[in-house]
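# Tertiary structure, described
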Amino acid sequence: MPLRRPQILILGSMVLALLLVLSGIRPFDRITWLLEVFPILIAWPWLFATYRRFPLTSLLYVLIFCHAIVLMVGGAYSYARVPLGFEIADWLHLSRNPYDKIGHFFQGFVPALVAREILLRGAHVRAGKMLGFLVVCIVLAISATYELIEWAAAVSLGQGADEFLGTQGDSWDTQSDMFFALIGAVSALLTLSRLHDIQLARMANLEAMPHSFGDTRHS
């Protein structure tokens, strides 16, 4: 039996809390860890605060928690030192640890579906090419904003921001970060739009059912 949304939210939060504690016990750099997990500390309470008023699809909850794990691993090791990144670099014969690109891929992949859900459920735009265009624009705006935050951290923290930036000497790191976010957004739209539509339709049908049948929105 598939898990219901409340179960996914509660179970995911329990796992997230454990991993957050583990990642913060002895991170490579405490400031880097705080900067990397800060989005989690904002989004996590927000998921609970908005659950009854605007619950998300199960697909989104799963993807948000997966994104959080990517951020915590990057915060614990620093993106340039994640062991998985070194394994990928050896396998693909890369000159740098590519784990930060995985993070930026997720920065496009997950927000793309968040934006898609908000736009569709709010009837801001109909499904079609314009929806995809706006989703990609939103993702690129988020990615550009994050790069501005990184720039602000570099200016305010000086050398202390090197681990957070994770450029590894790449002068085009900012542009490639945004490009991977773009790849993530397009990948999400191409691979998960149909599943997302199915869950959105199911949610709409459940919300339209008479209240006499009980609260079925959690399925």
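The preceding data block contains the structure.
Quick summary incoming for the structure in this document.

Quick look at helix 3 (residues 58-77) now. Across its 20 residues, helix 3 extends 29 Å between first and last C-alpha, which sits within 8% of the 28 Å expected from 1.5 Å per residue. Counting buried residues in helix 3 gives 15 out of 20 residues, a clear majority hidden from the surface.

For the rest of this paragraph, the subject is the nonpolar core. Counting residues in each nonpolar core, the largest one holds 41 residues, and the members touching the most others are L16, I40, Y61, L63, L113 and V135. Looking at this core, the elements that each hand over two or more residues are helix 1 (5-25), helix 2 (30-49), helix 3, helix 5 (99-121), helix 6 (129-157) and helix 8 (173-208). Of all the elements, helix 3 adds the most residues to this core, at ten residues. Those residues in contact with V135, other than ones at most four positions away along the chain, are A112, A115, R116, L119 and L189.

Evaluation of the coordinates by the stated rule reveals five salt bridges. With a shortest N-O distance of 2.9 Å, R116 and D197 are connected by a salt bridge. Placement of R116 in helix 5 and of D197 in helix 8 is noted, with a sequence separation of 81 residues between them. The exposure class assigned to D197 is partly exposed, which follows from its relative accessible area of 33%. A salt bridge links R121 to E117; its shortest N-O distance comes to 2.9 Å. Taken as a pair, R121 and E117 lie in helix 5 at a separation of four residues, close to a single helical turn. For R121, a relative accessible area of 25% puts it in the partly exposed group.

Turning our attention to the packing of helix 2 against helix 3. At a minimum axis separation of 8 Å, helix 2 and helix 3 run at an interaxial angle of 160°. When the interaxial angle is binned, helix 2 and helix 3 end up roughly antiparallel. With respect to the hand of their crossing, helix 2 and helix 3 are arranged in left-handed fashion. Across the interface between the two elements, W33, E36, V37, P39, I40 and L47 from helix 2 touch Y61, I64, A68, L71, M72, G74, G75 and A76 from helix 3. Within the contact of helix 2 with helix 3, the residues separate by chemical class into eleven nonpolar, two polar and one charged.

Attention shifts here to the side chain of Q199. Relative to the assigned elements, Q199 resides in helix 8. One polar contact links the side chain of Q199 to the main-chain amide nitrogen of S58, over a distance of 3.3 Å. At 3.0 Å, the side chain of Q199 forms a polar contact with the backbone nitrogen of L59.

Moving on: helix 4 (residues 83-92). Of all the positions in helix 4, only G85, I88 and A89 are classed as buried. Along helix 4, the residues classed as buried sweep out an arc of 100° about the axis, all on the same side. Seen from the open side of helix 4, the exposed residues pointing more than 90 degrees away from its buried face are E87, D90 and W91. In this fold, the buried residues of helix 4 make contact with helix 5.

What follows concerns the packing of aromatic side chains. Scanning the entire structure with this criterion turns up five aromatic pairs. Ring geometry for Y79 versus Y99: centroids 5.5 Å apart, planes at 35°, classification tilted. Of the two residues, Y79 is situated in the loop between helix 3 and helix 4 and Y99 in helix 5; the sequence distance between them amounts to 20 residues. Given the relative accessible area of 7%, Y79 is considered buried. A ring pair is formed by F105 and F106, whose centres lie 6.2 Å apart and whose planes are at 75°; its orientation type is edge-to-face.

This paragraph deals with the packing of helix 3 against helix 5. Contact pair helix 3 / helix 5: the axes reach a minimum separation of 10 Å and the direction vectors enclose 155°. Considering the angle they form, helix 3 stands roughly antiparallel to helix 5. As helix 3 packs across helix 5, the resulting crossing turns out to be left-handed. Residues L59, L60, L63, I64, C66, H67, I69, V70, V73 and G74 of helix 3 pack against Y99, G103, F106, Q107, F109, V110, L113, V114 and E117 of helix 5. When grouped by side-chain class, the residues that make up the contact of helix 3 with helix 5 number 14 nonpolar, four polar and one charged.

Each value, and the rule that gives it
Residues numbered from 1 in each chain as written. Predicted model: local features only at pLDDT ≥ 70, side-chain atom pairs only at ≥ 80, totals over all residues. Heavy atoms only, no water. Helix = DSSP H or I, 4+ residues; strand = E, 2+ residues; numbered from the N terminus. Expected span 1.5 Å × (residues − 1). Buried < 20%, exposed > 50% of the residue type's maximum accessible area, 1.4 Å probe, protein only. Core = buried A, V, L, I, M, F, W, Y, C linked by side-chain atoms within 4.5 Å. Contact = heavy atoms within 4.5 Å. Salt bridge = Lys/Arg side-chain N within 4 Å of Asp/Glu carboxyl O. Axes fitted to C-alpha atoms, helices over the stretch in contact; angles between N-to-C directions. Parallel < 35°, antiparallel > 145°, perpendicular 65-115°, else oblique. Left-handed = near helix turned anticlockwise from the far one by under 90°. Nonpolar A, V, L, I, M, F, W, Y, C, P; charged D, E, K, R; others polar. Polar contact = N/O pair within 3.5 Å; in protein donor to acceptor, adjacent residues only side chain to side chain. Arc of directions from axis to C-beta. Phe/Tyr/Trp six-rings, centres within 6.5 Å; stacked < 30°, edge-to-face > 60°.

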